[in-house]
Amino acid sequence: MAYVAPLTSMPLEAPRSLPNAGTTPANSATARAGDYYTVSLYSCPSPLPFNNPGIGTGACGSMANIYGSFSGHAYSRTAAALASLPSASPPGGCPVTSRVTLQAGIVATLYSGPQGGNCEVVWREGDWSFTLEGALTSNSNGSSVGSWSTIAHQMVSYLDQYLLPETHGSFSCDIAPDGLHSTANWVVGRDVYGASTYHGAVSTLALTIAMATYPR
């Protein structure tokens, strides 16, 4: 963040701590900045110096080495910042809907194809939208990451204990065999901040909640 600060004029946020994201702890990082900033975090076999060209390549270039990232993007108007958030729109070719109760007061919509096969799950909590996609059809989805309903219930239970930023935000998770590729984006004034982990859903929620004004 000391590197990023002089390269951008937008207000900065950074995590107070890095949650466990299903890999060994992040030990290497790269960063870029302009009218935005992004810090990419990796778990390399051995820690590499900041912005080292070996981060993300070679021995530190596999998907297993990716921890995630956090970022900010400046917009000229609050309306533009809000419009940049991904919208939870019904997926094409998946006209069948069913309602699934995740918790009292929180009901998700499950979109499926006409011949079966789940496509997407969406729900809202306050001003936040949540989307799960990817391997939704089977309970095991061919991996060790768990069923979509288990993942959704874990997220909802976590948010019973911890609060996301009280603003408009969106969360998406691609359920893949190698992990849960998750991203959160939220609006603060005219700016949009982001947090992402490559191997977890709850870990992205935790990273989002850990974000705070920088410097403290």
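Refer to the structure printed above.
The text that follows walks through the structure, step by step, so that each part is easy to find. Within each chain, residues carry numbers counting from 1 in the order of the written sequence. Where local features are concerned, this predicted model is filtered to residues with pLDDT of at least 70; where side-chain atom pairs are given and counted, the filter is 80 or more; whole-chain, interface and lining totals use all residues. Note that water and hydrogens are dropped before the side-chain values are worked out from all heavy atoms of the structure.

### Focus on the overall build of the protein
Quick note on the threshold: Working definition: helices are DSSP H or I runs of at least four residues, strands are E runs of at least two. Numbering for both runs from the N terminus. Note on method: radius of gyration uses C-alpha positions; expected globular size equals 2.2 Å times residues raised to 0.38. We call a residue buried when its accessible area falls under 20% of the maximum for its residue type, exposed when it is over 50%, and partly exposed in between, using a 1.4 Å probe and counting protein chains only. Two residues qualify as a contact provided that any one of their heavy atoms is within 4.5 Å of a heavy atom in the partner residue. Surface exposure here means Shrake-Rupley accessible area, sampled with a 1.4 Å probe, where a residue is shielded only by the protein chains that are shown.
Counting its secondary structure elements, the protein contains 3 helices and 12 strands. Relative to a compact globule of 216 residues, whose C-alpha radius of gyration would be 17 Å, the protein shows 18 Å and is just as compact. Principal axes of the C-alpha set define a box for the protein whose edges measure 50 × 40 × 35 Å. Counting only residues that meet the buried cut, the protein has 45% of its 216 residues in that class. A separation threshold of at least 6 residues defines the contact pool for the protein, and within that pool the share at least 24 residues apart is 55%. A total of about 10,200 Å² of accessible surface is found on the protein, and carbon and sulfur atoms cover 54% of it.

### Considerations on the side chain of serine 43
In plain terms, the rule: In protein, a polar contact requires one atom able to donate a hydrogen and another able to accept it; more generally it is a pair of N or O atoms within 3.5 Å, and residues adjacent in sequence count only if both atoms are side-chain atoms.
Relative to the helices and strands, serine 43 resides in the loop between β3 (36-42) and β4 (66-74). Judged by its relative accessible area of 5%, serine 43 falls in the buried class. Only 3.5 Å separates the side chain of serine 43 from the backbone oxygen of proline 25, close enough to count as a polar contact.

### What about the pairing of strand β8 (residues 128-134)?
Put simply, the rule is: In this scheme, strands are said to pair when DSSP sees at least two bridges between them.
Counting buried positions along β8 gives 5 out of 7 residues, so the element sits mostly inside the fold. Where strand β7 (residues 118-125) and β8 come together, 6 bridges link them in antiparallel fashion. Counted as the bridge partner of glutamate 125 is tryptophan 128 from β8. The turn joining β7 and β8, which pair antiparallel and follow one another in sequence, is formed by 2 residues; a positive phi near 60 degrees is taken by glycine 126. Alignment of β8 against strand β9 (residues 169-176), held across 7 bridges, turns out to be parallel. Each residue of the ladder has a partner; that of serine 129, found in β9, is serine 170.

### Quick look at the sheet that holds strand β2 (residues 28-33)
We apply this condition: Under this scheme, a helix contributes an axis fitted over its contacting stretch, all axes are lines through C-alpha atoms, and angles between N-to-C directions fall in the 0 to 180 degree range.
On the basis of which strands lie adjacent, the open sheet formed by 10 strands has the order β2-β3-β4-β11-β10-β9-β8-β7-β6-β5 and mixed pairing. For this open sheet the edge positions go to β2 and β5 (96-103), each flanked by a neighbour on one side alone. This sheet shows a mean twist of 15 degrees between the axes of neighbouring strands, independent of strand direction. The sheet contact formed by β4 and strand β11 (residues 191-197) spans 7 bridges and is antiparallel. Bridged to glycine 72 within β11 is tyrosine 193. Against the sheet, helix α2 (residues 148-161) touches β5, β6 (106-112), β7, β8, β9 and β10 (179-188), its axis set at about 40 degrees to β5. Together, β4, β8, β9, β10 and β11 form the strand contacts of helix α3 (residues 202-210), whose direction differs from that of β11 by roughly 140 degrees.

### Some remarks on the state of the cysteines
Rules: A pair of cysteine sulfur atoms is labelled a disulfide when the two atoms are within 2.5 Å.
Within the structure shown, the criterion is met by 2 disulfides. Note on cysteine connectivity: cysteine 44 is disulfide-linked to cysteine 60, with sulfurs 2.1 Å apart. Where cysteine 44 bonds to cysteine 60 through sulfur, the torsion about that S-S bond is close to -75 degrees, and the disulfide is left-handed. With cysteine 44 in the loop between β3 and β4 and cysteine 60 in the loop between β3 and β4, the pair connects residues that are 16 residues apart, well separated along the chain. Residue cysteine 94 pairs covalently with cysteine 119 via a disulfide, S to S 2.0 Å. As the torsion about the S-S bond is roughly -85 degrees, the cysteine 94-cysteine 119 disulfide counts as left-handed. Of this pair, cysteine 94 sits in the loop between α1 (78-84) and β5 while cysteine 119 sits in strand β7, and the two are 25 residues apart along the sequence. Overall, cysteine 94 belongs to the buried group, its relative accessible area being 9%. Along the protein, the cysteines that take part in disulfide bonds pair up as 1-2, 3-4, counted in sequence order.

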